[in-house]
Amino acid sequence: MDLLASLNLENLPEQQTRIQTLFGNDPNFDLKLGFDSCCACGKASPKIDCSSCHRVKYCSKACRDKDSAPSGIYSDDNSEGGERALGHSSIICALLGLCNDDEVVEAGDKKELSSFSDDRRTAATDRVASEFESYPATLANVLIEGPCYQDALQKSVGSTLTIHVIGASTDSELWEGHPSKEQERNVFSCYADALAEVAEQYKMKSILLQFFGPQCPKTNINETLDIPPVQAKQSSTKLRVTTSNADYDGRSTNKQQSSPDILVFFNPGFTCPDYEWEKTLLSCMKENRFPFLVTTNTEMEAVADVQFLFDKKFFEDIPPTLKFILENTEDAANEMEGTGEDDSFDYDTSSFFSPNPYCGLRVRQSGTMANDVYVKSRWIYGGFSGPIRETASKKSTTTSSKGKRKRVDAANANSKKTNPALV
């Protein structure tokens, strides 16, 4: 991400709120740190905020200074979340400052925008737009690159590829609120442009892109348009887009829903207590073997999601990398055992788990831990739904990316203590 490079960062510094001592003293602590409680000591109703970004609150100047100090209050704490949580560092403060600019653009506050320099306004507008544009970019690029989707794409040669985007909403996948009203109106043309290479490479007759969810437009949309050919002499493919303002029904019992070739979930929040996903997933993933793609905002959220799908037997055909994370068993460790000096290991290439190179540039603030930041769809994973195939463990393998794999405590990934950035 260019934004991170400008701050001399290789990765987004997620989960920086220092919470170890607070939860150690009170396991039932349930205030929002930095919002309705002091971000350093947890005292309720803080009155002092950061004088720079104005997005993190404290009960006193001493607590503010303590949270901003490089050594911090956990400098000698080597436990999980200790040294990695840097508190309200200058980098976090700078990222939260950008959140202020992005929210001004999002709100369309002309008076406030008039005080911005041209460069500042353009940068904020580009960041907000990039978040919207990441949806078609992620969809098209991950599908064409992901090994688990290739059979579905091959079967669609000369016919129709059907993609179901489940849990979609007007203000994300469908671009309501895009800083350019013209782009907002032309959202489906942008999906058509993004899918052009997929359509041409597999010589598809058409692509059916269906969005489902209670936050889709109340009046269902049904549009058909041309996917522009990549090469001038190629015939165009038709893109048909439909929306359904309803919970997803995997049984295909209504006219709005066709049988899918690929399932897609953008930031679904499978483990978020505010959502109920089990009925939907039972209908489409329990017994059906579909290739699927999921994006999440943080790495820990991705691990929590995979744990949920794995426990519910919605996603079983996973590579040893994820088995090791989720089960932490000797068998899984043996499957991961290195084959050379670089500690590479073989794995089933049908599944994947990685950062998303096609996510947007906009950084957002967590709603529960004020120093925690995230980027929508920053992480992706996918594979096949449904039961394990008998031959899954015997398939031909290839070597994964090099280096030792980081171990994550997935058992606690959905707790507020260890995963405050869940949104």
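Our structure is the block above this text.
Residues numbered from 1 in each chain as written. Predicted model: local features only at pLDDT ≥ 70, side-chain atom pairs only at ≥ 80, totals over all residues. Heavy atoms only, no water.

## Description of the state of the cysteines
Part 1 of the argument: If you walk through the whole model with that rule in mind, you get 0 disulfides.
Part 2 of the argument: Cysteine Cys 63 shares no disulfide, and the gap to the nearest cysteine sulfur, in Cys 59, comes to 3.8 Å.
Part 3 of the argument: Overall, Cys 63 belongs to the buried group, its relative accessible area being 10%.
Part 4 of the argument: In this model Cys 93 remains outside any disulfide bridge; the closest cysteine sulfur is found in Cys 50, 3.7 Å from its own.
Part 5 of the argument: Overall, Cys 93 belongs to the buried group, its relative accessible area being 11%. (Disulfide = S-S within 2.5 Å. Buried < 20%, exposed > 50% of the residue type's maximum accessible area, 1.4 Å probe, protein only.)

## Thoughts on the layout of surface pockets
Part 1 of the argument: When its volume is computed, the second largest pocket comes out at roughly 920 Å³.
Part 2 of the argument: Forming the walls of the second largest pocket are 37 residues, and the residues nearest its centre are Gly 167, Gln 215, Asn 267, Pro 268 and Tyr 275.
Part 3 of the argument: Secondary-structure elements contributing two or more residues to the lining of the second largest pocket are α6 (118-145) and α11 (278-284). (1 Å grid on protein atoms, 1.4 Å probe; cavity = no way out; pocket = protein on both sides within 12 Å on 5 of 7 lines; lining within 4 Å. Points joined across faces, edges and corners; volume = space filled by probe spheres on them. Helix = DSSP H or I, 4+ residues; strand = E, 2+ residues; numbered from the N terminus.)

## As for α6
Part 1 of the argument: Between its first and last C-alpha, α6 extends 37 Å over 28 residues, near the 40 Å set by a 1.5 Å rise per residue.
Part 2 of the argument: In the structure, α6 departs most strongly from a straight axis at Glu 133, where the bend amounts to approximately 40 degrees and where the proline Pro 136 lies between one and four residues downstream. (Expected span 1.5 Å × (residues − 1). Bend = angle between axes of the 7 residues up to and from the residue.)

## Topic: the nonpolar core
Part 1 of the argument: The biggest cluster of nonpolar side chains holds 49 residues, and the ones touching the most others in it are Ile 163, Tyr 191, Ile 207, Leu 209, Phe 211 and Leu 239.
Part 2 of the argument: In terms of residue count, α6 provides more of this core than any other element does, 9 residues in total.
Part 3 of the argument: Residue assignment places this core across two domains, with domain 1 (1-73 + 83-116) and domain 2 (134-334 + 349-388) each supplying three or more.
Part 4 of the argument: For Phe 211, the contacting residues outside a window of four places in its chain are Val 165, Ala 168, Glu 173, Leu 174, Phe 188, Tyr 191, Cys 216, Val 241, Thr 242, Thr 243 and Ser 244.
Part 5 of the argument: Counting residues in each nonpolar core, the second largest holds 25 residues, with Leu 263, Ala 302, Phe 314 and Ile 318 among its members. (Core = buried A, V, L, I, M, F, W, Y, C linked by side-chain atoms within 4.5 Å. Domains from an automatic or database assignment. Contact = heavy atoms within 4.5 Å.)

## Considerations on the pattern of salt bridges
Part 1 of the argument: For the structure on display, the rule yields 13 salt bridges.
Part 2 of the argument: In this structure, Glu 106 engages Arg 364 in a salt bridge whose closest nitrogen and oxygen atoms are separated by 3.7 Å. Taken together, the residues Glu 106 in helix α4 (residues 90-107) and Arg 364 in strand β11 (residues 364-365) connect sequence positions 258 residues apart.
Part 3 of the argument: Arg 364 gets classed as buried once you look at its relative accessible area, which sits at 18%.
Part 4 of the argument: Among the salt bridges present, the one from Glu 278 reaches Lys 312, with a minimum N-O distance of 3.4 Å. (Salt bridge = Lys/Arg side-chain N within 4 Å of Asp/Glu carboxyl O.)

## Considering the packing of α4 against α6
Part 1 of the argument: For the pair α4 and α6, the least separation of the axes is 9 Å and the interaxial angle reads 80 degrees. As the angle between them shows, α4 and α6 are arranged roughly perpendicular. In contact with Leu 98, Asp 101, Asp 102 and Val 105 of α4, α6 contributes Arg 120, Ala 124, Thr 125, Arg 127 and Val 128.
Part 2 of the argument: Class assignment for the residues of the contact of α4 with α6 results in 4 nonpolar, 1 polar and 4 charged. (Axes fitted to C-alpha atoms, helices over the stretch in contact; angles between N-to-C directions. Parallel < 35°, antiparallel > 145°, perpendicular 65-115°, else oblique. Nonpolar A, V, L, I, M, F, W, Y, C, P; charged D, E, K, R; others polar.)

## Focus: the packing of aromatic side chains
Part 1 of the argument: Taken as a whole and assessed by the stated rule, the structure comprises 14 aromatic pairs.
Part 2 of the argument: Between the aromatic rings of Phe 212 and Tyr 248, the centroid separation amounts to 4.9 Å while the plane-to-plane angle is 85 degrees, which identifies the pairing as edge-to-face. Taken together, the positions of Phe 212 in strand β4 (residues 206-212) and Tyr 248 in the loop between β6 (237-244) and β7 (262-266) put the pair 36 residues apart, joining distant regions of the chain. Each member of the pair, Phe 212 as well as Tyr 248, is classed as buried. (Phe/Tyr/Trp six-rings, centres within 6.5 Å; stacked < 30°, edge-to-face > 60°.)

## Focus: helix α9 (residues 187-194)
Part 1 of the argument: Residues of α9 that are buried: Val 187, Phe 188, Cys 190, Tyr 191 and Ala 192.
Part 2 of the argument: On its buried side, α9 packs onto α6, α8 (181-185), α10 (196-201), β4, β5 (222-227) and β6.

## Brief notes about the sheet that holds strand β10 (residues 352-355)
Part 1 of the argument: Read across the open sheet, the 8 strands follow the order β5-β6-β4-β3-β7-β8-β13-β10; overall the sheet is mixed. Looking at which strands have only one partner, the edges of the open sheet turn out to be β5 and β10. Neighbour to neighbour, the strand axes of the sheet diverge by 15 degrees on average, direction disregarded.
Part 2 of the argument: Here 7 bridges tie β4 to β6, and the two strands are oriented parallel to one another. When the sheet's bridge partners are listed, Leu 209 is paired in β6 with Val 241.
Part 3 of the argument: On the sheet, α9 packs against β4, β5 and β6 and is oriented at approximately 40 degrees with respect to β5.
Part 4 of the argument: Strand contacts of helix α12 (residues 299-311): β8 (291-296), β10 and β13 (379-384), with the helix running at about 20 degrees to β13, the strand carrying the most contacts. (Pairing = 2+ DSSP bridges.)

## Some words on unusual backbone geometry
Part 1 of the argument: Phi angles above zero are rare outside glycine, and Lys 203 is one such case at about 45 degrees.
Part 2 of the argument: Relative to the elements of secondary structure, Lys 203 occurs in the loop between α10 and β4.
Part 3 of the argument: Judged by its relative accessible area of 59%, Lys 203 falls in the exposed class.
Part 4 of the argument: Backbone geometry at Lys 313 places phi at a positive 65 degrees, although glycine is not the residue there.
Part 5 of the argument: Position of Lys 313 relative to the elements: it lies in the loop between α12 and α13 (320-327).
Part 6 of the argument: Using a relative accessible area of 45% as the deciding quantity, one classes Lys 313 as partly exposed.

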